[in-house]
Amino acid sequence: MTFYDSQRRSTRRHFLASSMMRGGPLALACMIAEHANGEPKKPQMGTHGFDLKPKTPPIAPRATAMISMFMQGGPSQIDLLDPKPLLNKMHLQKFPGKIKYDNAAQASSKIFGSPWKFKKYGEHGTDVSELLPHFSTITDDALVIRSMQTGVNNHGQSIHAMNGGRPLKGRPALGSWLTYALGAESQSLPAYIAMTDPQGLPVEGVLNWSNGWLPSLFQGTVIRPVEPRILNLQPPPHLDGEIQENYLAMLASLNKRHAQRRAGEHELQARIANYELAERMQFAADEATDLSRESKTMHEMYGINQPETKEFGERCLIARRLIERGVRFVQLFTKNQYWDHHGAIVKGLPASCRKIDKPAAALVKDLKQRGLLDTTVVHWGGEMGRLPVIQNEANIGRDHNTDGFSMWVAGGGFRAGIYGATDEFGHHAVADTVNHFDYHATLLHLFGIDAEHLTYEQNGREQTLIDGQPAKVIEGLLA
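To start, this report covers the structure provided alongside it.

**Digging into the overall build of the protein chain**
Step number 1: A count of helical and extended segments in the protein chain gives 11 helices and 17 strands.
Step number 2: Put simply, the protein chain has 479 residues, and 53% of those count as buried.
Step number 3: In the protein chain, once contacts between residues fewer than 6 apart in sequence are set aside, the share between residues at least 24 apart is 79%.

**A closer look at the pattern of salt bridges**
Step number 1: Going through the model one piece at a time under the given rule, you end up with 33 salt bridges.
Step number 2: We note a salt bridge from K368 to D141, for which the minimum N-O separation is 3.1 Å. A residue pair is termed long-range when its members are at least 10 positions apart, and K368 in helix α10 (residues 345-369) and D141 in the loop between β3 (126-129) and β4 (142-149) qualify at 227 residues.
Step number 3: One continuous salt-bridge network, built from bridges that share partners, spans E287, E294, R320, R321, E324, R325, D366 and R370.

**Comments concerning the packing of helix α4 (residues 155-164) against helix α11 (residues 436-446)**
In a pair of packed helices, the angle between the axes and the distance between the axes together describe the arrangement.
Step number 1: Contact geometry for α4 and α11: axes closest at 8 Å, N-to-C directions at 20 degrees. In terms of axis orientation, α4 runs roughly parallel to α11. Judged by the sense of rotation from one axis to the other, the crossing of α4 with α11 is right-handed. Packed against α4, whose contacting residues are A161, M162 and N163, the element α11 presents H436, Y439 and H440 at the interface.
Step number 2: Taken together, the residues of the contact of α4 with α11 break down into 3 nonpolar, 3 polar and no charged.

**Section: the environment of S129**
Step number 1: Tracing the sequence through the fold places S129 in strand β3.
Step number 2: Looking at S129, the relative accessible area reads 3%, which means it is buried.
Step number 3: Expressed as a C-alpha distance, the spacing of S129 and L80, which sit 49 residues apart in the sequence, is 4.8 Å.
Step number 4: Among the polar contacts listed, one links the side chain of S129 to the backbone oxygen of D79, at a separation of 3.0 Å.

**Some remarks on the packing of aromatic side chains**
Step number 1: As enumerated under the stated definition, the model contains 16 aromatic pairs in all.
Step number 2: Ring geometry for F50 versus F218: centroids 6.2 Å apart, planes at 80 degrees, classification edge-to-face. Of this pair, F50 sits in the loop between α1 (3-36) and β1 (65-70) while F218 sits in the loop between β5 (192-195) and β6 (221-223); the two residues are 168 residues apart in sequence, bridging distant segments of the chain. Each member of the pair, F50 as well as F218, is classed as buried.
Step number 3: On the numbers, 5.4 Å between centres and 55 degrees between planes, the contact of W209 with F333 is tilted. Within this pair, whereas W209 is found in the loop between β5 and β6, its partner F333 is found in strand β7 (residues 329-333), the two being separated by 124 residues in sequence.
Step number 4: Judged by its relative accessible area of 3%, W209 falls in the buried class.
Step number 5: Its relative accessible area of 0% is what places F333 among the buried residues.
Step number 6: A connected cluster of aromatic rings, assembled from ring pairs, spans F50, W177, Y180, W213, F218 and Y456.
Step number 7: In this arrangement the basic side chain of K355 is found over the ring face of Y338, its NZ or CZ atom lying 5.9 Å from the centre.

**Regarding α10**
Step number 1: If you check α10, its first and last C-alpha atoms are 35 Å apart, about what 25 residues at 1.5 Å a residue would give, namely 36 Å.
Step number 2: The largest bend in α10 comes to about 30 degrees, at I356, with the proline P359 one to four residues further on.
Step number 3: When you tally the buried positions in α10, you get 18 out of 25 residues, the bulk of the element.
Step number 4: At the exit of α10 stands G371, carrying a positive phi of roughly 75 degrees.

**Observations regarding the pairing of strand β8 (residues 376-381)**
Step number 1: Counting buried residues along β8, 6 of its 6 residues qualify, which places the element largely inside the surrounding structure.
Step number 2: Covered by surrounding structure in β8 are T376, V378 and W380 together with V377, H379 and G381, the residues of both alternating faces.
Step number 3: Relative to strand β11 (residues 405-410), β8 runs antiparallel, the two sharing 3 bridges. When the bridges of β11 are listed, W380 appears paired with W408.

**Overview of the packing of helix α9 (residues 310-324) against α10**
Step number 1: The geometry of α9 relative to α10 is characterised by a closest axis approach of 8 Å and an angle of 20 degrees between their N-to-C directions. With respect to α10, the element α9 is oriented roughly parallel. Here α9 runs over α10; the crossing is right-handed. For the pair α9 and α10, contact is made by E311, F312, G313, R315, C316, L317 and R320 and by K355, I356, P359, A360, L363, D366 and L367, respectively.

**Description of unusual backbone geometry**
Step number 1: Omega for the peptide link from E227 to P228 comes to -10 degrees, which places this bond in the cis form.
Step number 2: Among the secondary structure elements, P228 is positioned in the loop between β6 and α6 (242-260).
Step number 3: Phi is positive for A344, close to 55 degrees, though the residue is something other than glycine.
Step number 4: Positionally, A344 belongs in the loop between β7 and α10.
Step number 5: One non-glycine residue, D432, lies in the positive phi region at around 55 degrees.
Step number 6: Structurally, D432 is set in the loop between β14 (429-431) and β15 (434-435).
Step number 7: Residue class for D432 comes out partly exposed when judged on its relative accessible area of 45%.

How each quantity is defined
- Residues numbered from 1 in each chain as written.
- Predicted model: local features only at pLDDT ≥ 70, side-chain atom pairs only at ≥ 80, totals over all residues.
- Heavy atoms only, no water.
- Helix = DSSP H or I, 4+ residues; strand = E, 2+ residues; numbered from the N terminus.
- Buried < 20%, exposed > 50% of the residue type's maximum accessible area, 1.4 Å probe, protein only.
- Contact = heavy atoms within 4.5 Å.
- Salt bridge = Lys/Arg side-chain N within 4 Å of Asp/Glu carboxyl O.
- Axes fitted to C-alpha atoms, helices over the stretch in contact; angles between N-to-C directions.
- Parallel < 35°, antiparallel > 145°, perpendicular 65-115°, else oblique.
- Left-handed = near helix turned anticlockwise from the far one by under 90°.
- Nonpolar A, V, L, I, M, F, W, Y, C, P; charged D, E, K, R; others polar.
- Polar contact = N/O pair within 3.5 Å; in protein donor to acceptor, adjacent residues only side chain to side chain.
- Phe/Tyr/Trp six-rings, centres within 6.5 Å; stacked < 30°, edge-to-face > 60°.
- Lys NZ or Arg CZ within 6 Å of the ring centre and 35° of its normal.
- Expected span 1.5 Å × (residues − 1).
- Bend = angle between axes of the 7 residues up to and from the residue.
- Pairing = 2+ DSSP bridges.

Written as C-alpha cells, this is what we have:
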C-alpha cells in the first residue's frame, strides 16, 4: 500500500466519521419533529401482524356487515326495475341513435319493448316488473339505483370493476378489503365467505373472492351448495378426539416458535392464523350451516319447500345465520352467465327471476324483523345490464350494457326509493350517475372508512380499493 493510498483511506474515514457526527443530530431532530406532528394523514387500517379480530373504524359506522347477492351475467334493467314506455311505443322500429354493441355479429337496430308489465309500489312509488312480485313487497326498505356504470362491456372486466375496484385481474375483492380493515366479530368462523351455485362458478371463478396481494387471511372461504359445505374440515374418524387435540397442541407450539423467529413474515402469520381458524370452524361451521335448526315457517318464507327456490333460499338463510354469528361479509353467486340473456330472454329471464326473487326478499324481511337490517347492507345486482334493441332476431335477446344499469341495496344506512336515471331508451345513465368507484367509496363510508385512507403497501406503493379514481361519497344514496 502506498503512502497516497493510506492517506486517501484515512481522509475518507475522517470524512465519514465527521459526516455522521454532523448528520446524526439532524436525523434525530427530524424524527422527533415527525412524531411531534401528531397522527399521520392516512391512518393505517390494518395491523402489522394481521388478524381477524374486530377493529374499530375511524368514523362511527352505520353498517357492520354485508350480504351481496351477485347476479352474474347482467340482469335486464329495462325489463325489471327501469321501465321505458317509449320502447313499447317504438317496438320493432329502428333505434334513432348510436348503440354500443358488444356482439356486433348478432346486432340489430330494432327496438325491443319489454314484454312484462310494471307497477309502482311502496311510499316511494318504486317501479317493479311483474317478474319480481316478492321484491315489490320490500320496496319501502330498498333503494333502486338506476344509473350504475362501469363503462367496460365485457363480463370479466366489469365483474372486476364492481367487485375489485378496477377492471383488472389480480386485485383484492371487496370482501377482502372490508375484512382487512375491520376483521370479524366471530373468531370461530371466517370473516369473508363466498357461496357458490351448484351449477358452476361465475365468470372469473375463484378470482371473484380472491385476496389479491392482501395477506391470504383475507381471502374468501367457499361454502359449497351441497354437503359437505366446507371441504376437508372434519378429521377422519381414526384421528378424531384426543388424538387430534394432542396433535394440534403440538403443532400450535411449533408454529408459535417458528413465527417468533420470523416476526416480519406476515404471510406466515396469516397462514398459521388460517389453520387455527380451521380448527375452531370444525364446531362453529356445522352449526351455522345447519338449517334443521330453523323453523318450518322460516323454510317456507325463504322458499326452501319449493323446487325453484329451494337452493337459493337455503343459501340466503345460511347467509343470515352467518351474519348473526359475526361474519363480516357474505357473497352469493349465481352460476356462469345465468343472467346473460343474449337469446331466449322471454323464457330465460322469468326463470332466473323465479329462482332468486322470493329468497332475496325474504332475506331483507328476516333481517329487519331480527333488528339486523339497520346495520347489514344487502346488495342485489350484477356487473351490467342489457341494451334496448334486439340481439339475435331468430331467438330474441339483449346485448350487454354497462353505461346505465340497475341494482338495489337495502339496510346499513342506505335510504329507500329510487336514485339516478337513464335516458328514455334505458341505454345511458343521464342523471346522478353512480360509477363503481363511487359505489365503493359510499359503501366504505357506511362502514366508517374513508376509501382513500384504507391502504395497503404493495411493492412500495400504497394501494387502495378505489386506486386513484375520482371516487366520491354520494350523499343522495344515504338515509
